[in-house]
Amino acid sequence: MPDLPLPDLPLFAFDNSFAREMEGFFVEWQGDKLPNPQVLRLNRGLAETLGLDADALAGAGAVLAGAEVPVGANPLAMAYAGHQFGGFSPQLGDGRALLLGEIVAPSGKRFDLHLKGSGRTPFSRGGDGKAVLGPVLREYLFGEAMAALGIATTRALAAATTGEKIRRDGPQQGAVLARIAASHLRVGTFQFFAARGEVDRVRQLADYAITRHFPHLASSDAPYLAMFEAVVDAQAALVAQWVLVGFVHGVMNTDNTTISGETIDYGPCAFIDSYDPAAVFSSIDRNGRYAYGNQSAIMHWNLTKLAETLIDLVNPQDSEAAIAVLTTALHRFPALYEGYWLAGMRAKLGLGGEEPEDLALAQDFLAAAEGQDIDYTQLFRDLAEVVRGKRVGVFAAPSVFDDWLVRHRARLAIESAGADAMDAVNPVYILRNHLVEAALTDAASGDMAAFDRLLAVVSQPFAVQAGAEEFAKPAPAGFGAHVTFCGT
Ligand code: AMP
Ligand code: MG
């Protein structure tokens, strides 16, 4: 019997709850037509997790770059506001991005498929609506590296080139990032409607957020307060993980702070080299607002802005009472953060159980490292070797850690988690700035080998990989202070 041609199956079985339920929160919009959209890199593993046909996606450049609307999609630009570097912008919104639709994975989890760089929208203000190859691949790398580290994050499904030349410092290749997120609800989404006094819309948004992210809270006596507490908790856990792994987000504006607790918008982010609370990489963060050691304080501040939008929901009759309970919930953030951070430090230092001296032990370890030219990532791997009885790296010779090591040994004598457990939480491979730069420079001239290799290495961060020694080393002397740029 001859084979009959198969009908074209839709690429996605979208189920677009936001488009369906949230009219007034977005503008329906479409991406620009493009001269030559092509999938440059597809995240096949993620595609499979989402139940998508990776082979079909690999040939769907026009769809993944936003130039063609696939069956079932409802492309839209979301409205949001935000505090940027402390100043309020009442109207930001998706100025160069579209929510294409929502995918329900075989696991039952719902995800947004969002295209960044798809062209101008009604929210573009002075911007061109475009993205270029380097920053798109940068976001791809960071999302995958963070996911592999076990940190909640948006992830790249694909990077597509558009065939356009985009003007930045000089002409650059146009690109679009197809991004997967638990949702794109931000603190700034609440701020947009609260700032306009649209309390009914803020309530509708909160109801949607509860259904989508915290369904178990829907039946709570005080669902909006409970939602706020859940966001406070999720963000405390997230920022603690960033800090433990040495990650600097770089642009923690309230529009880049999710309700889901996922890391979003990898622009000027970077991993620290040596331990330095004042570390800043972003070219525009001149005052160090978003410095490495400032991130928990900034998240606490961002959550204050979320709390302000919820006052009329928490108690419509009595705003004083609402403020009182929201304030109590808000000010649990520092203790929650410290709890997550200390639990993480115990694991990194190999401390089993919990002892009263653990906080001081963790703090003193970092105090000893501060101001020294010691690689933060390698330090914890070397400490595991000390636990194995081998003195390597900075511990091979007398060092600033000598007194501390005596205390550490005494503490492990009470209860040790063991060196293998330390290695399971202390990465060997992070995205080192010089490796990212080299990979993106090669990619700009059409050579993706370094990108692919780096992506593969950081996707398995905890196990030593044969032949990957260079990826575990700090930047060569002379690489200099690293500077990153955002909004590009
Ligand atoms: P970001 O700094 O990437 O979080 O973006 C902040 C705001 O600026 C958002 O509203 C973006 O949509 C908007 N934006 C950033 N770059 C562009 C661009 N090239 N064109 C239009 N809007 C942009
Ligand atoms: Mg953003």
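Just so we're clear, the structure is a prediction, and the values are computed from it rather than from any experiment. (Residues numbered from 1 in each chain as written. Chains lettered and ligands numbered in written order. Predicted model: local features only at pLDDT ≥ 70, side-chain atom pairs only at ≥ 80, totals over all residues. Heavy atoms only, no water.)

1. Points about the coordination of the magnesium ion (ligand 2)
The condition that has to hold: Any N, O or S atom lying within 2.8 Å of the metal counts as a donor, with the limit raised to 3.2 Å for Na, K and Ca; because water is left out of the atom set, some sites can appear incomplete. Summary of the burial criterion: residues with accessible area below 20% of their type's maximum are buried, those above 50% are exposed, and those between are partly exposed, where the area comes from a 1.4 Å probe applied to protein chains only.
Coordination of the magnesium ion (ligand 2) by the protein is provided by Asn-256 (OD1) and Asp-265 (OD), with metal-donor distances spanning 1.8 to 2.2 Å. Exposure remark for Asn-256: the relative accessible area of 10% places this residue in the buried category. For Asp-265, a relative accessible area of 14% gives the class buried.

2. So, the domain arrangement of the protein chain
The criterion, for reference: For the domain bounds, the source is a domain assignment made automatically or taken from a database. We call two residues in contact whenever any of their non-hydrogen atoms come within 4.5 Å of each other. Each of two parts loses accessible area, computed with a 1.4 Å probe, when they are put together; buried area is these two losses added.
Domains assigned within the protein chain are domain 1 (17–181) and domain 2 (186–488). On a C-alpha basis, the centroid separation for the pair domain 1 and domain 2 is 24 Å. Counting residues at the interface gives 55 residues for domain 1 and 59 residues for domain 2. Between domain 1 and domain 2 the total buried area reaches about 4,700 Å² when both faces are included, carbon and sulfur atoms providing 64% of it.

3. Remarks on the site of ligand 1
To keep it simple, the criterion reads: A cutoff of 4 Å decides nearness: a residue is near a molecule or strand if any of its heavy atoms lies inside that distance of it. Within 3.5 Å is the distance limit for a polar contact, defined as a pair of N or O atoms, with the added protein rule that one can donate a hydrogen and the other accept it, and that residues adjacent in sequence qualify only through two side-chain atoms. Each accessible area is a Shrake-Rupley result for a 1.4 Å probe, and residues are judged covered by the shown protein chains and nothing else. The residue classification treats Ala, Val, Leu, Ile, Met, Phe, Trp, Tyr, Cys and Pro as nonpolar and Asp, Glu, Lys and Arg as charged. All others, Gly included, are polar.
Lining the immediate environment of ligand 1, one finds 18 residues, of which Gly-93, Gly-95, Arg-125, Asp-128 and Gly-129 sit closest. Within the side chain of Asn-256, a nitrogen or oxygen atom sits 3.1 Å from an oxygen atom of ligand 1. Side-chain polar atom of Asp-265 to an oxygen atom of ligand 1: 3.2 Å apart, as the coordinates give it. Protein contacts shield 86% of the accessible area of ligand 1, which totals 480 Å² for the unbound molecule. Of the residues in the shell around ligand 1, the class split is 2 nonpolar, 8 polar and 8 charged. Mapping the shell around ligand 1 onto the domain boundaries places at least three of its residues in each of domain 1 (17–181) and domain 2 (186–488).

4. Brief notes about the packing of helix H17 (residues 433–444) against helix H18 (residues 449–458)
Two numbers describe a pair of packed helices, the interaxial angle and the distance between the axes. Note the threshold: The convention used is that axes are lines fitted to C-alpha atoms, helices contributing only their stretch in contact, and that angles between N-to-C directions extend from 0 to 180 degrees. Secondary structure elements follow DSSP: runs of H or I no shorter than four residues count as helices, runs of E no shorter than two count as strands, and numbering proceeds from the N terminus.
Between H17 and H18, the least distance of the axes is 7 Å, while the angle of their chain directions is 145 degrees. Across the interface between the two elements, Leu-435, Val-436, Ala-439 and Asp-442 of H17 pack against Ala-450, Phe-451 and Leu-454 of H18. Each residue belonging to the contact of H17 with H18 can be placed in one class, and the counts come to 6 nonpolar, no polar and 1 charged.

5. A closer look at the side chain of Asp-265
Relative to the elements of secondary structure, Asp-265 occurs in the loop between strand E11 (247–248) and strand E12 (270–271). Within polar-contact distance, the side chain of Asp-265 engages the side chain of Arg-179 at 2.6 Å. Once residues within four sequence positions are removed from consideration, Asp-265 is found in contact with Lys-116, Glu-139, Arg-179, Arg-186, His-249, Val-251 and Asn-256.

6. Examining the nonpolar core
Counted only if it meets this: What makes a nonpolar core is a set of buried Ala, Val, Leu, Ile, Met, Phe, Trp, Tyr and Cys residues whose side-chain atoms join them at distances within 4.5 Å.
Counting 128 residues, the largest nonpolar core has Phe-18, Phe-190, Phe-228, Trp-341 and Phe-365 as the members making the most contacts within it. Here this core gets 16 residues from one element, more than from any other, and that element is helix H8 (residues 223–245). Each of two domains, domain 1 (17–181) and domain 2 (186–488), supplies a minimum of three residues to this core. Sequence-distant contacts of Phe-228, defined by excluding residues within four places in its chain, comprise Leu-303, Leu-306, Ala-307, Leu-310, Leu-326, Ala-329 and Leu-330. Ranked by size, the runner-up nonpolar core spans 29 residues in total, among them Phe-12, Leu-57, Val-63 and Leu-113.

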